[in-house]
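Below are the chains, spelled out letter by letter.
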Amino acid sequence: MRQKVVIGISPGKPTFFCSAPCFLQLKFLLLPVIKNPYDSPMCGIVAYIGKRPAVPLLVEGLRRLEYRGYDSAGLSTLGNGRLHTRKRVGRVDALATLIREQPIDGSIGISHTRWATHGAPSDANSHPHADASGKITVVHNGVIENYQALKDALVKEGHSFASDTDTEVLAHLIGKHYAEGKLKDERGLLDAARAALRQVVGTYGIAALSSDCPGVIVGARRGSPLVVGIGQGEHFLSSDVNAIVAHTRDVVYLNDYDLVAVRADDFRVERLDEGEARVEISKVAHDAGAAEKGDFPHYMLKEIFEQPQTIQNAMRGRFNRNESSAALGGLNLTSTELRNVDRIIMTACGTSWHAALVGEYLIEEIARVPCEVEYASEFRYRNPPIDKNTLLFAITQSGETADTLAALREAKRKGHKALGICNVVGSTIARESDGGVYLHAGPEVGVASTKAFTAQVTVLALIALLLGRLRHLSAMQGSRFIQELESIPDKITRILKQHDAIREIAAKYKDARDFLFLGRQCNYPVALEGALKLKEISYIHAEGYPAAEMKHGPIALVDEKTPSVFICPQDAIYEKTMSNLEEVRARKGRVIAIATEGDTAISRKADDVIHVPKTIDALYPLLTNIPLQLLAYHIAVQLGRDVDKPRNLAKSVTVE
Ligand code: G6P
């Protein structure tokens, strides 16, 4: 028998945060370190097979995926027994224009949007890539690390290449195995893909099409997400459910080392090693509307305005009022296990790392459990001592960030409990964690993260409450904390009402070349996040600093041209922050203050003030961050930047 196969077994729950160890863990760990990635590792794939014209569906899917990468785009369809490929450097719009000029048809196709790491984006380097015969085309996310050795061997055999990409090497390799095989059908194509992928070192999510097999799309994954969408008489294959959720909410998240044959009426999953495939059908919780802009001009603005709701979603059903505590069953830890935790490591990247820093303050303050926050990219290669009572949290919106995933795997490899705080249901980190908490923030499309940050901080506040109530936090203190948390969404709504005023403040400062963001205690990570938000979408240089540390260096930047944003709510350290503000004023620095409602004194000291409602010290980051999101947004819009797709960035960074 060649292999066991399962075809679409009965619907089940998403496998998120199961406690069972992943049986593929060992294989992951044997993957070599990815160095010098050559081609498009953080891209989007959409493929379709059915009865409808494929091109509009693929282009629409690519548009929904564009936030994952937007250097170039392309597609191949099969029509009248022939492969047709169109690809072009630039945004999906450029591809759509090309297709209008040179139309193609067919009701089966594969497509791709690219985020290049090495090598300039160009028409030639865009996907799909064809094999030597021109009968097979392939789209690929990931990095074929040994592509050069494979390419050299193929060149010796007479292959010539039209691009610099590793993906074209993979296409030729599949084509070579197919040509050498006896079977010229779907089985032959699957076997050729299996043989080629077994030679590959690195990561991939692929979709392949062959003019010999007009009834099938072949897909495979190792390290790059891939999901099968199940429709009526049609199927999809995509790197992201958001590309296909408008057409179906029934999906199968493929596992690493899965190989799939997707046909119009069914699909078949095999294992690369010919072992038993596990297939579980999941229901996507959100509909396509959740990933639409609606009446908002940008996703980022929509997502900023969603925060009263997303914070509520992050809290919903997670309070245990009888015990004045939090209920987080997904952690898969007993009260005794939670009480035994004597250290927490949080690992993350980007904005999620800033949320982790706020979490450190929250957990140490509320629960008195020592915390450390590590950049995932550092943690994965460091060898920090972790003992049996240390708990690791991987914090991630996408659940696919390569460094965060590797950090999680490293902790698990050492036998430690590794939990996830994750937004995307069914993502790799969600599925590989020993347990965790979903954010329930809905799809975040704007590349600059906003609602995921506040949802992460909310979940970390719940964890702090839970751990605190298992330690010294009294029932009264627990209840008060819950009450304050529950008041946050309304308070954010009040802040959002200052939208127009913040737009005017943005207009005053948009031409500054440098900005300082300064805060203390739990508002120091807010300063970091405010600076990151501004620089990533406006391209203005900005630095976040602890307000008092500023005098050890950044104060040299202060003059009338460099504004400082002070996050100075009336917390325990307010007077100290005000002294730092005076230091900036004394050097003619302009000041934008984020202050507590009713603080009239600050208006005499700051050039501009944005007020936030009062809350307890530990929860101020949930409020003070909101004006900074809006400030960055309006400055970027007024400078004419592409707010949702800032240059050089991508939403989901699946390369280290
Ligand atoms: C990218 C995104 C950021 C995000 C970071 C971490 O850099 O542009 O917005 O904060 O990745 O992503 P994650 O999905 O792990 O939270």
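Here is what the cut-offs are and how they apply
Residues numbered from 1 in each chain as written. Predicted model: local features only at pLDDT ≥ 70, side-chain atom pairs only at ≥ 80, totals over all residues. Heavy atoms only, no water. Buried < 20%, exposed > 50% of the residue type's maximum accessible area, 1.4 Å probe, protein only. Helix = DSSP H or I, 4+ residues; strand = E, 2+ residues; numbered from the N terminus. Pairing = 2+ DSSP bridges. Expected span 1.5 Å × (residues − 1). Polar contact = N/O pair within 3.5 Å; in protein donor to acceptor, adjacent residues only side chain to side chain. Phe/Tyr/Trp six-rings, centres within 6.5 Å; stacked < 30°, edge-to-face > 60°. Lys NZ or Arg CZ within 6 Å of the ring centre and 35° of its normal. Domains from an automatic or database assignment. Axes fitted to C-alpha atoms, helices over the stretch in contact; angles between N-to-C directions. Contact = heavy atoms within 4.5 Å. Salt bridge = Lys/Arg side-chain N within 4 Å of Asp/Glu carboxyl O. Arc of directions from axis to C-beta.

### Observations concerning the pairing of strand 13 (residues 267-271)
Then step 1. For strand 13, the buried fraction is high: four of the five residues fall into the buried class.
Then step 2. In terms of strand pairing, strand 12 (residues 258-262) meets strand 13 through five bridges, oriented antiparallel. By the bridge assignment for strand 13, Val 262 is matched with Phe 267.
Then step 3. Where strand 12 folds back onto strand 13 in an antiparallel hairpin, the turn is made up of four residues.

### Section: helix 5 (residues 166-180)
Then step 1. Taking 1.5 Å per residue as the helical rise, helix 5 with its 15 residues ought to reach 21 Å, and the 21 Å between its terminal C-alpha atoms agrees with that figure.
Then step 2. By the criterion of burial, helix 5 is predominantly enclosed, with 13 of the 15 residues buried.
Then step 3. Residue Thr 165 occupies the N-cap position of helix 5, its side-chain oxygen lying 3.1 Å from the main-chain nitrogen of Glu 168.

### Observations concerning the packing of aromatic side chains
Then step 1. Here the structure, examined in full by the defined rule, presents four aromatic pairs.
Then step 2. Looking at Lys 151, its charged tip hangs above the ring of Phe 161, at a distance of 5.1 Å from the centre.
Then step 3. In this structure, Lys 184 is placed above the aromatic ring of Tyr 178, and the distance from its NZ or CZ to the ring centre is 5.0 Å.

### Some remarks on the domain arrangement of the chain
Then step 1. Taken as a whole, the chain is organised into domain 1 (1-30 + 293-497), domain 2 (33-291) and domain 3 (511-656).
Then step 2. For domain 1 and domain 2, the distance between their C-alpha centres works out to 31 Å.

### Details of the sheet that holds strand 18 (residues 371-375)
Then step 1. Pairing within the open sheet is parallel, and its five strands lie in the order 18-17-19-20-21. Whereas interior strands pair on both sides, the edge strands pair on one side only; in this sheet they are strand 18 and strand 21 (435-438). Each adjacent strand pair in this sheet contributes to an overall mean axis angle of 20 degrees, direction not counted.
Then step 2. Pairing between strand 17 (residues 343-348) and strand 18: five bridges, direction parallel. Pairing of Met 346 across the sheet is with Val 373, part of strand 18.
Then step 3. Its contacts with the sheet put helix 10 (residues 350-367) on strand 17, strand 18 and strand 19 (390-396), and the angle it makes with strand 18 is roughly 175 degrees.
Then step 4. Packing of helix 14 (residues 451-469) onto the sheet brings it into contact with strand 17, strand 19, strand 20 (418-422) and strand 21, and relative to strand 19 it is tilted by some 160 degrees.

### Digging into the pattern of salt bridges
Then step 1. On inspection of all chains with the given rule, the structure shows 39 salt bridges.
Then step 2. Across the pair Arg 480 and Glu 484 runs a salt bridge, and its minimum N-O distance is 3.0 Å. Taken together, the positions of Arg 480 and Glu 484, both in helix 15 (residues 475-496) and four residues apart, correspond to about one turn of that helix.

### Remarks on helix 3 (residues 92-101)
Then step 1. Of all the positions in helix 3, only Val 92, Leu 95, Ala 96, Leu 98 and Ile 99 are classed as buried. Axial view of helix 3: buried residues confined to an arc of 160 degrees, hence all on one face. Pointing more than 90 degrees away from the buried face of helix 3 are the exposed residues Arg 100 and Glu 101.
Then step 2. Each element contacted by the buried residues of helix 3 is listed here: helix 2 (54-65), strand 2 (72-79), strand 3 (82-89) and strand 4 (108-114).

### What to know about unusual backbone geometry
Then step 1. Of note, the amide linkage connecting His 127 to Pro 128 takes the cis form, showing an omega dihedral of 0 degrees.
Then step 2. Structurally, Pro 128 can be placed in the loop between strand 4 and strand 5 (129-130).
Then step 3. For Ser 324, which is not glycine, the phi torsion reads 50 degrees and is therefore positive.
Then step 4. Checked against the element boundaries, Ser 324 lands in the loop between strand 15 (319-320) and strand 16 (325-326).
Then step 5. You will see that Arg 368, though not glycine, has its phi angle at about 60 degrees, which is positive.
Then step 6. For Arg 368, the location among the structural elements is in the loop between helix 10 and strand 18.
Then step 7. Relative accessible area serves as the criterion here: at 57%, Arg 368 is assigned to the exposed category.

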